[in-house]
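These are the residues of each chain, in order.
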Amino acid sequence: MNEPAYVALDKDGHVAVFWGDGTEAHKEVILRGPRPANSQELVAMIEDLRLWAEDEGYTVVVPAYDLEVPDIEIDLPEEDAAIITPDDVDDLLDDLFMAGGEDDFED
């Protein structure tokens, strides 16, 4: 087959194998996997889907540029949005990262 394919998150946050090299105007899903609960699951799912794609005859490529990240809607009241700082956002992201079970996190 030797068709190109790549592994990325779909618009709903599921890990998926897409046909092509990431430059296509329309993303065509070949195989859709589950949503990862943390970064360790994400890495394992990517590896599993990469191996599946190669077993099916696809040439797995890494897109030449960053692909879009799915939109995640955050409902933030206006009064909170007016007082939140970049440090608050960084702290929240750190908390989310740590909640994913990462034990090698460093500031």
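Residues numbered from 1 in each chain as written. Predicted model: local features only at pLDDT ≥ 70, side-chain atom pairs only at ≥ 80, totals over all residues. Heavy atoms only, no water.

### Some words on the sheet that holds strand β2 (residues 15–19)
Then step 1. Taken in spatial order, the 4 strands line up as β3-β2-β1-β4 in an open sheet, and their pairing is mixed. Strands with a single pairing partner mark the edges of an open sheet, and in this sheet they are β3 (28–32) and β4 (59–60). (Pairing = 2+ DSSP bridges. Helix = DSSP H or I, 4+ residues; strand = E, 2+ residues; numbered from the N terminus.)

### Describing the side chain of Asp-10
Then step 1. Structurally, Asp-10 is set in the loop between β1 (4–9) and β2.
Then step 2. The class of Asp-10 is buried, set by a relative accessible area of 9%.
Then step 3. Only 3.0 Å separates the side chain of Asp-10 from the backbone nitrogen of Gly-13, close enough to count as a polar contact.
Then step 4. Polar side-chain contacts of Asp-10 include one of 2.8 Å to the side chain of Arg-32. (Buried < 20%, exposed > 50% of the residue type's maximum accessible area, 1.4 Å probe, protein only. Polar contact = N/O pair within 3.5 Å; in protein donor to acceptor, adjacent residues only side chain to side chain.)

### Concerning helix α1 (residues 39–55)
Then step 1. Relative to the 24 Å expected for 17 residues at 1.5 Å per residue, α1 spans 24 Å between its end C-alpha atoms, a close match to the ideal helical length.
Then step 2. Listed as buried for α1 are Met-45, Leu-49 and Ala-53. Buried residues of α1 fall within an arc of 70° about the axis and therefore sit on the same side. Across α1 from its buried face, at more than 90 degrees, point the exposed residues Val-43, Asp-48 and Asp-55.
Then step 3. Between a side-chain oxygen at the N-terminus of α1 and the backbone nitrogen of Gln-40 the separation is 3.0 Å; the capping residue is Asn-38.
Then step 4. A positive phi of about 95° marks Gly-57, the residue just after α1. (Expected span 1.5 Å × (residues − 1). Arc of directions from axis to C-beta.)

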